[in-house]
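# Structural features, examined
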Amino acid sequence: MNDFPSENPPSPRLWALIPCAGSGSRAATAGPKQYQPIAGLAMVEHTLRAFSGVARLEGTLVVLAPDDAAFPLHEGPALWTAACGGETRARSVLNGLQWLLQKAARPGDWVLVHDAARCLITPALINQLIDACEGDAVGGLLAHKLADTLKQQRSPSDPVRVASTVERADKWLAQTPQMFRINALVVRLLDGNIVAIGGLMQVESSRTSSGMPGSTDVPFFSSLLGNRANMGSKKELVVLI
């Protein structure tokens, strides 16, 4: 009989990782899209305000490009920056995860990865994702149920012909944050794989977690950012194993 008390493994902690190293080339903006101003602040500032409202996060790491000179905030006790961004989003995330592991995170901890320019995220949505995923073996992500009709193209060489209508009942539009164990995410990124979906959440606003708005969307985004409390709520949760 063993008289020594057994040690319980430490409870997994929660970290946020914000890739912020993009150049804005896909958005066709004058500079990195995450620094475009909306409602008086850069998009990344709105994003970080939302994460600062989630008390159970141990800390938030912002991954910057090595030559970034535009990040508008200073580090704090729970906000860090690391100029370790890579050529791709995946490489920036991987570099950020390795930085977190060297800093204080454990391999079994949770990490919430969220794009810097998705500035309509709210503390309520982040907390809903954590509540849904922290008891799951894999994790999950926010997503919208596909609302529009989806068509299958007949062939790549004939783009104007419709072959069929695709069943959309099981189709989702992936958003962020995406919440997974650090060790599992590192392994998949090193292998060059896309992380498997562990959980999906539908939110009422179709643009709640959207990224860079078009010029006609800026007033709409500004209005929402001025009233975050009414921006979205949990409507349906689906866990895919």
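See the structure shown above.
Quick summary incoming for the structure in this document. Note that this is a predicted model, so its numbers are computed, not measured.

What counts and what doesn't
In this convention, every chain numbers its residues from 1, walking through the sequence in written order. Totals for whole chains, interfaces and linings use every residue, but because this is a predicted model, local features are given only for residues with pLDDT of at least 70 and side-chain atom pairs only at 80 or more, for both listing and counting. To get the side-chain values, all heavy atoms of the structure are used, and hydrogens and water are removed first. Stacked, tilted and edge-to-face are the three classes assigned to paired rings of Phe, Tyr and Trp, where Trp is represented by its six-membered ring and a pair needs centres within 6.5 Å; plane angles under 30 degrees give stacked, over 60 edge-to-face, the rest tilted. Here a helix means four or more residues in a row that DSSP labels H or I, a strand means two or more in a row labelled E, and each is numbered from the N terminus. Residues belong to one nonpolar core when they are buried, are Ala, Val, Leu, Ile, Met, Phe, Trp, Tyr or Cys, and are joined through side-chain atoms within 4.5 Å. Relative accessibility under 20% of the residue-type maximum defines a buried residue, over 50% an exposed one, and the middle range a partly exposed one, all with a 1.4 Å probe and only protein chains included. Every residue pair with non-hydrogen atoms within 4.5 Å of one another is taken to be in contact. With axes taken as lines fitted to C-alpha atoms, and helix axes fitted only over the stretch in contact, angles between N-to-C directions fall between 0 and 180 degrees. Here the word oblique covers every angle except those under 35 degrees (roughly parallel), over 145 (roughly antiparallel) and from 65 to 115 (roughly perpendicular). Handedness of each helix crossing follows the sense of rotation of the near helix against the far helix: counterclockwise by less than a right angle gives left-handed, clockwise gives right-handed. Charged means Asp, Glu, Lys or Arg here, nonpolar means Ala, Val, Leu, Ile, Met, Phe, Trp, Tyr, Cys or Pro, and polar covers whatever is left, Gly included.

Here the focus is the packing of aromatic side chains. Evaluated as defined, the whole model comprises 2 aromatic pairs. A centroid spacing of 6.0 Å and a plane angle of 45° characterise the contact between Trp-80 and Trp-99, whose relative ring orientation is tilted. You can see Trp-80 sitting in strand E5 (residues 79-82) and its partner Trp-99 sitting in helix H2 (residues 89-103), a full 19 residues away along the chain. Grouping aromatic residues by their ring pairs yields a cluster made of Trp-15, Trp-80 and Trp-99.

Soluble globular proteins: nonpolar side chains tend toward being buried together. Val-44, Val-62, Leu-112, Ile-126 and Met-179 are the most contacted members of the largest nonpolar core, which totals 27 residues. Secondary-structure elements contributing two or more residues to this core are strand E1 (14-20), helix H1 (43-52), strand E4 (59-64), strand E6 (110-113) and helix H3 (123-133). If you tally residues by element for this core, the top one is H3, at 5 residues. Not counting chain neighbours up to four residues away, the residues in contact with Met-179 comprise Leu-14, Trp-110, Val-111, Leu-112, Leu-129, Ile-130, Cys-133, Glu-134, Val-138, Gly-139 and Gly-140. Ranked by size, the runner-up nonpolar core spans 18 residues in total, among them Val-63, Ala-82, Val-93 and Val-186.

Turning next to the packing of H2 against helix H4 (residues 182-190). It is the contact of H2 with H4, at a shortest axis distance of 10 Å, that shows an interaxial angle of 140°. Considering their axes alone, H2 and H4 lie oblique with respect to each other. Between H2 and H4 the crossing geometry is left-handed. Contacts between H2 and H4 involve Ala-90, Val-93, Leu-94, Leu-97 and Leu-101 on the former and, on the latter, Ile-182, Leu-185, Val-186, Leu-189 and Leu-190. Taken together, the residues that form the contact of H2 with H4 break down as 10 nonpolar, no polar and no charged.

What is shown is where atoms sit, not what they do.
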